There are 2 protein chains.
Amino acid sequence: MPSERIPRDQAVAPFFVGVDVGGTNIKIGVVDDNGGTLAQTATPTDEELGAEAAMQRSRDAIVGLLAELGLTFDDVAAVGLGTPGSMDIPKGLILEPPNMPSWRYFPLRDCLSELCGKPVGFANDANAAAYGEYWVGSGRKCNSMVMITLGTGVGGGIILDGVSLDGAHSFGSELGHIIVDSSLDARLCVWGGGQGQLEAYASAPAVAARAADLLAAGRTSSLTRRIVQGEGLSSLMLFEEAEQGDELAREVIVETARMLGVGIVSVVHAVDPEAIILGGAMNFGGHDTATGRMFLDRVREEFQSRAYHVVRDSVTIDYAMLGGDAGYIGAAGIGRTLHQHSQL
Amino acid sequence: MPSERIPRDQAVAPFFVGVDVGGTNIKIGVVDDNGGTLAQTATPTDEELGAEAAMQRSRDAIVGLLAELGLTFDDVAAVGLGTPGSMDIPKGLILEPPNMPSWRYFPLRDCLSELCGKPVGFANDANAAAYGEYWVGSGRKCNSMVMITLGTGVGGGIILDGVSLDGAHSFGSELGHIIVDSSLDARLCVWGGGQGQLEAYASAPAVAARAADLLAAGRTSSLTRRIVQGEGLSSLMLFEEAEQGDELAREVIVETARMLGVGIVSVVHAVDPEAIILGGAMNFGGHDTATGRMFLDRVREEFQSRAYHVVRDSVTIDYAMLGGDAGYIGAAGIGRTLHQHSQL
């Protein structure tokens, strides 16, 4: 569910631009001082053309968006930039983003800042999305929250008193690497991460891989019919078949909830937030489907059965509400924080 | 190793008092603006006499300590107070401290503040100890660090940019509750905590319980001789026999290091600190013994084998250096922070 657009005459200045770099597309939005989106667009990442070209294309897209709104860069107080993979936030560098070899060690922040003539706030994409949910999404009533994104990988963002926990090496809030299974036969992450980490159980490919293992072991499932017809096994297919009552698909989703609940217990006892927000593309339909509601219930049950009583009943666990808009909204919000600090 | 005392004429004003409440004793120290200890004492907790009496006794002990130094409360800028168990930091309440039933829901902070006529900073005892190591101990060169205390229980403290991570419900940094084993036969904490949590493997009683299980299963060990002679099995006995080459004792200590390494991986990927500091009474002799060095090496190895490469080589793991002084020094430091903020 994308966030609603607010009309220009109801928007509150100053304005901010959020840039959310993904492997395929760069999402760009113009956001007002209350976190409302005035306009949004996207430009292809075109990784092979290099990082500088992508930043120039982003700049052109921003100019176009602003023009549509009757605005110029003079109306923009700051820009925010979220990027995937490892980074050096103090230096503004992207380090080794997955599947983006030509971007390695590029000074992305300063490049965009120079092109736009604006200060640029810089964050990991999952931390930016968390900031978006914190600012105007599911965490908007919280002072502190944790977001866990379930998708191609498992990401995380921790916001404490309005500040993204970026960490000493710009590697904070990487919640996909929390260990949820320390046994010697724990699963390996499909992306080459460590053994038994949350990402090895709760990413979309990991969910599909666990279903494939059960099918290979001879279990029957309505998944088989679709695979035989040539479809690739995916977490979306599991969701669809679980909705139709398939027992195996449901079992894998329950086990995913269990491992996610284990990871949440560890995070909550470390940072004690007000809320845990589940984002990313793999939400099994969220509140709108029986499977999505069952998944959330099982995550909550696992958490409550294991957590210390002080936090058991006081931490909210819920789905995110900004969908794919969270990244650019949060990036804009991080740009806004940078601007506010510069005004002190 | 207790921290050194600094002479009165080398101490830097203003002075701070740290009060570290334990189940048996209350440690009290007078600390200067650089975190140096001028004098230290202790008074019995005498839980059964109630919290107010303990605070009055603490106040009397502080007056005595100050008098020894030729000081009065006029020379003290603020007091800090660390207490065990659950608490409500904003309200200054101690909630349900273990083994201290008569103290429940007592307004400890305001009671001490009124008795001393000073502002009182309030913190969980493990967070206070972490702050002490951050201020003048093993973490003194860090902006962010995590301390894990191994003792009767497993506690934790997370310091980010000089601020103790107390959490939304005053339950932050409770690292003993991180899950390190999610299997169905994972161990239960001897204190009634959840299954598979770090405390169920790395507290002193948990270490003794694992050794007892191996002995009950028929394993031979030099521990048996001592138990037959009437000694109670303890983590200290395991340490001593490991030093003498006992294979079973060594095996339990190695497994403790493995589980601690697993927990550290989860914490590091959540908060990305500069250092992990191991404190508490159960350090197997620390750097001074073969067993202590072996334990630390195994913790580091487990961490490095599982952590993402960005943090694998940049996070320091080491023992604490302030021993039992960390708590009151850190409490004094938290009082100092309160004082500094009041001066802004």
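Every value quoted in this text rests on a predicted model; they were computed, and no experiment measured them.

1. Things to note about the overall build of chain A
Counting its regular elements, chain A contains 11 helices and 12 strands. A compact globule built from 344 residues should have a C-alpha radius of gyration of about 20 Å, and chain A, at 20 Å, falls within 12% of that. C-alpha atoms of chain A, sized along the principal axes, occupy 65 × 50 × 40 Å. The buried share of chain A, reckoned over its 344 residues, is 55%.

2. Here's the deal with the relation of the copies chain B and chain A
Superposing chain B onto chain A requires a rotation of 180° together with a translation of 0.0 Å along the rotation axis, leaving an RMSD of 0.0 Å. Interpreted geometrically, this transformation is the action of a two-fold axis. Across chain B, the smallest distance between a C-alpha and the rotation axis is recorded for B:D181, namely 3.0 Å. Of the interface residues in chain B, 100% have counterparts in chain A that sit at the interface too, so the contact is made through matching surfaces.

3. Looking at the interface of chain B and chain A
Listed per partner, the contact involves 38 residues of chain B and 38 residues of chain A. When residues of the side of chain B that touches chain A are traced back to their parent elements, those giving at least two are α8 (247–271) and α10 (309–312) of chain B. Per-element tally for the side of chain B that touches chain A: the top contributor is α8(B), with seven residues. Per-class residue counts for the side of chain B that touches chain A are 17 nonpolar, 16 polar and five charged.

4. A few points about the sheet that holds strand β9 (residues 154–160) of chain A
Residue and element names in this part refer to chain A. Within the open sheet, the five strands sit side by side as β10-β9-β8-β11-β12. Their pairing is mixed. One side of each edge strand has no neighbouring strand; the edge strands of this open sheet are β10 (163–164) and β12 (316–319). Pairing analysis gives two bridges linking β9 to β10, with the strands arranged antiparallel. Note on β10: the bridge partner recorded for L160 is V163.

5. Some details on the sheet that holds strand β10 (residues 163–164) of chain B
Overall, mixed pairing links the five strands, which are arranged β10-β9-β8-β11-β12 (chain B) in an open sheet. Looking at which strands have only one partner, the edges of the open sheet turn out to be β10 and β12 (316–319) of chain B.

6. A few points about the domain arrangement of chain A
Residue and element names in this part refer to chain A. According to the domain assignment, chain A contains domain 1 (8–133 + 324–342) and domain 2 (142–320). Here the C-alpha centroids of domain 1 and domain 2 sit 28 Å apart. Listed as interface residues are 13 residues of domain 1 and, on the opposing side, 15 residues of domain 2. Those elements that place two or more of their residues in the side of domain 1 that touches domain 2 are β5 (87–88), α3 (125–136) and α11 (326–342). Here the element with the most residues in the side of domain 1 that touches domain 2 is α3; it accounts for six residues. Among the residues making up the side of domain 1 that touches domain 2, the classes are represented as nine nonpolar, two polar and two charged.

7. Some remarks on helix α7 (residues 235–243) of chain A
Residue and element names in this part refer to chain A. Within α7, the full set of buried residues consists of S235, L238, F239, E241 and A242. Where the residues of α7 are buried, they touch α5 (204–216), α6 (223–228), α8 (247–271) and α9 (290–306). Immediately beyond the C-terminal end of α7, within one or two residues, lies G245, with a positive phi of roughly 95°.

8. Section: the pairing of strand β1 (residues 15–21) of chain A
Residue and element names in this part refer to chain A. Here β1 lies mainly inside the structure; seven of its seven residues are buried. In this structure, β1 lies alongside strand β4 (residues 76–83), joined through six bridges in parallel fashion. By the bridge assignment, V19 is partnered in β4 with L81. Both β1 and strand β2 (residues 25–31) contribute to a ladder of six bridges, which runs antiparallel. Its bridge partner being in β2, V17 is matched across the sheet by V30. Count of turn residues in the β1/β2 antiparallel hairpin: three residues.

9. Description of α5(A)
Residue and element names in this part refer to chain A. Compared with the 18 Å implied by 1.5 Å per residue over 13 residues, the 18 Å span of α5 between its first and last C-alpha is a close match. Buried within α5 we find A204, A206, V207, A208, R210 and A211. In this fold, the buried residues of α5 make contact with α4 (199–202), α6, α7 and α8. Downstream of α5 by a residue or two, G218 has a phi angle that is positive, lying close to 100°.

10. Quick word on the nonpolar core
Counting residues in each nonpolar core, the largest one holds 218 residues, and the members touching the most others are A:V19 and B:V19. In contact with A:V19, not counting residues within four places along its chain, are A:I26, A:I28, A:S58, A:V79, A:G80, A:L81, A:L112, A:Y328 and A:A331.

11. What to know about the confidence of the model for chain A
Across chain A, pLDDT averages 95, with 99% of residues at or above 70. Overall fold confidence for the complex sits at a pTM of 0.96, while the interface term, ipTM, reaches 0.95.

12. Here's the deal with the environment of A:G286
All names here are of chain A. Examined against the element boundaries, G286 turns out to sit in the loop between β11 (275–279) and α9. Between the C-alpha atom of G286 and that of Q340, which follows or precedes it by 54 residues, the distance is 35 Å. The residues touching G286, leaving out its near neighbours within four places in the chain, are G292 and Y319.

13. Some remarks on the packing of helix α1 (residues 51–68) of chain A against helix α2 (residues 108–116) of chain A
Residue and element names in this part refer to chain A. At a closest axis distance of 10 Å, the pairing of α1 and α2 adopts a crossing angle of 40°. If you check the angle between α1 and α2, you find them oblique. Relative to α2, α1 is oriented so that their crossing is right-handed. Between α1, through A51, E52, M55, Q56, S58, R59 and I62, and α2, the contact on the second element is made entirely by L108, C111, L112, L115 and C116. Here the contact of α1 with α2 is composed, by residue class, of eight nonpolar, two polar and two charged.

14. Re the pairing of strand β7 (residues 120–124) of chain A
Counted residue by residue, β7(A) has five buried out of five residues, so it is predominantly covered. Burial of β7(A) is two-sided: the residues A:V120, A:F122 and A:N124 facing one way and the residues A:G121 and A:A123 facing the other way are all buried.

Calculation criteria
- Residues numbered from 1 in each chain as written.
- Chains lettered and ligands numbered in written order.
- Predicted model: local features only at pLDDT ≥ 70, side-chain atom pairs only at ≥ 80, totals over all residues.
- Helix = DSSP H or I, 4+ residues; strand = E, 2+ residues; numbered from the N terminus.
- Rg over C-alpha atoms; globule rule 2.2 N^0.38 Å.
- Buried ≥ 20, exposed ≤ 12 C-beta atoms within 10 Å, placed from the backbone.
- Least-squares fit on C-alpha atoms with pLDDT ≥ 70 in both.
- Contact = placed C-beta atoms within 7 Å.
- Nonpolar A, V, L, I, M, F, W, Y, C, P; charged D, E, K, R; others polar.
- Pairing = 2+ DSSP bridges.
- Domains from an automatic or database assignment.
- Expected span 1.5 Å × (residues − 1).
- Core = buried A, V, L, I, M, F, W, Y, C linked by C-beta atoms within 7 Å.
- pLDDT = per-residue confidence, 0-100.
- Axes fitted to C-alpha atoms, helices over the stretch in contact; angles between N-to-C directions.
- Parallel < 35°, antiparallel > 145°, perpendicular 65-115°, else oblique.
- Left-handed = near helix turned anticlockwise from the far one by under 90°.

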